[in-house]
Amino acid sequence: MSPLLSSAMNSPDNNQTNSIGPVLSQGATVAWPICLGYIPIGLALGVLAQQTGLPWWAVAMMSILVFAGSAQFICVAMLAAGASISAIIFTTLIVNLRHVLMSSALAVYLPRVNHRFLALFAYGITDESFAVNMARFRDSGWDRWRALAVNHISNLVWILATITGSLVGQLVQPGAFGIDYALTGMFICLLVFQLNGRIYIITGFLAALISVGWYLLIPGDSYIVGASVCAATLGYFLQCRYRRNK
Amino acid sequence: MNFSDYLLLFAGMGLATYLPRALPLLYLAHKRLPQWLIDWLGLIPVAVLSALLAPTLLTDAATRSLSLGKVELIVAIPTLIFALKTRSLGGTVLVGMVLYWLAGLFI
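Residues numbered from 1 in each chain as written. Chains lettered and ligands numbered in written order. Predicted model: local features only at pLDDT ≥ 70, side-chain atom pairs only at ≥ 80, totals over all residues.

Q: Which residues make up the overall build of chain B, and what are the values?
A: Check the secondary structure of chain B and you find 4 helices and 2 strands. Secondary structure elements in chain B, listed N-terminal to C-terminal, are α-α-β-β-α-α. For a compact globule of 107 residues, the expected C-alpha radius of gyration is about 13 Å, and chain B comes in at 19 Å, more than 25% above that figure. Its C-alpha atoms give chain B principal-axis dimensions of about 55 × 50 × 30 Å. The burial tally for chain B puts 47% of its 107 residues in the buried class. Partitioning the intrachain contacts of chain B with sequence separation of at least 6 by distance along the chain shows that 26% fall at a separation of at least 24. (Helix = DSSP H or I, 4+ residues; strand = E, 2+ residues; numbered from the N terminus. Rg over C-alpha atoms; globule rule 2.2 N^0.38 Å. Buried ≥ 20, exposed ≤ 12 C-beta atoms within 10 Å, placed from the backbone. Contact = placed C-beta atoms within 7 Å.)

Written out as structure tokens, the structure is:
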């Protein structure tokens, strides 16, 4: 971390300052671990897209218009398999339904905020920025402008990384450097960020069990939404019972 | 696919991505949520991430069957420990990739 960034982080006065300098530098400080993760993942996506036959400008267009890493990986895989445009769009919708729940959770921390800000903020809600911003909002000393900076700094890095990946794609052998594991590694770490107590661990285990069962029994991608809603609901009732018995 | 095919595909995907993110925020941010909903939503991220991960680690995608002992699962154990110890997102991704790459070379 540069001295400039760390002094901006350590000074309590700056927490309340909403001038563009501290907002951007604190946003960047918080966003950099996301960006560090986005660079290999974005490069990996770009390389895979190039090897599937997408031109670099199509990768750029996809990252700007979509900005949803897992949906983009799925899109590339489906294009490689020759899926139709409508099938890919529908799958994207299903995979991104989880953001309904994340966006609703963020809404708790954004009361009485104007629609224009929310429309801009919504564009940058990802699994990663969600996990980081929620943790920051919970600790307090965090506000919507810093959260917006996190969203859009990581967004910009993502776009650049995917384009770079597609430009260098032809130089990379398929499967080299473990690029296929980039997304899995990221999900593992984001999961760790969420383990804030016993009920979270139990809910995570329930979701794993249900999703594997659902995945094996029901074709398609409904296991993601289905298992998460079931597990969170079971976890919620367990939490209620635990609180009553205490 | 030509330019307009890509534009159609990505515009559609963009809408399918943007609307689930924007609508709850625009609709819910002006209301106070009930406590039960806040508690329930608090458990959603861990559930979603776990639901995305578990089939990747524990099943075979080609045959859609249970597959314990996959390289993905074995690599996930040290990756998980690294994430728990360091809580570093970028570091975890890199460690996972390198281990997976090495595992592919030697297993």
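Q: Any details on the domain arrangement of chain A? Residues and values, ideally.
A: Residue and element names in this part refer to chain A. By the assigned domains, chain A splits into domain 1 (3-194) and domain 2 (195-246). Taking only C-alpha atoms, the centre of domain 1 and the centre of domain 2 are 25 Å apart. With 8 residues of domain 1 in contact, the opposing surface of domain 2 contributes 9 residues. Elements supplying a minimum of two residues to the side of domain 1 that touches domain 2: α6 (85-96) and α11 (182-194). Along the lines of polarity and charge, the residues of the side of domain 1 that touches domain 2 split into 5 nonpolar, 2 polar and 1 charged. (Domains from an automatic or database assignment. Nonpolar A, V, L, I, M, F, W, Y, C, P; charged D, E, K, R; others polar.)

Q: Help me get a handle on the interface of chain B and chain A, residues and values and all.
A: Every contact between the two is made by 67 residues of chain B and, on the other side, 82 residues of chain A. Mapped onto the side of chain B that touches chain A, the elements with two or more residues apiece are α1 (3-28), α2 (35-58), β2 (65-66), α3 (71-86) and α4 (89-106) of chain B. Its residues placed into classes, the side of chain B that touches chain A shows 46 nonpolar, 15 polar and 6 charged.

Q: Break down the confidence of the model for chain B for me, with residues and values.
A: Chain-level statistics for chain B give a pLDDT mean of 88 and a share of 95% at 70 or above. Predicted complex, confidence summary: ipTM 0.85, pTM 0.73. (pLDDT = per-residue confidence, 0-100.)

Q: I'd like a rundown of the nonpolar core, residues and numbers included.
A: Counting residues in hydrophobic clusters, the biggest one holds 108 residues, and the most contacted among them are Ala182, Met186 and Phe187 of chain A together with Met13, Ile44, Ala47 and Ala51 of chain B. When residues of this core are sorted by domain, at least three fall in each of domain 1 (3-194) and domain 2 (195-246) of chain A. Beyond its immediate stretch of four places on either side in the chain, Ala47 of chain B contacts Thr203, Ala207, Ser228, Ala231 and Ala232 of chain A. (Core = buried A, V, L, I, M, F, W, Y, C linked by C-beta atoms within 7 Å.)

Q: I'd like to hear about α4 of chain B, residue by residue, with values.
A: Here α4 of chain B is 18 residues long and its end C-alpha atoms lie 26 Å apart, about the 26 Å a rise of 1.5 Å per residue gives. Of all the positions in α4 of chain B, only Leu89, Gly90, Thr92, Val93, Leu94, Val95, Gly96, Met97, Leu99 and Tyr100 of chain B are classed as buried. Against α3 (20-52) and α11 of chain A together with α3 of chain B lie the buried residues of α4 of chain B. (Expected span 1.5 Å × (residues − 1).)

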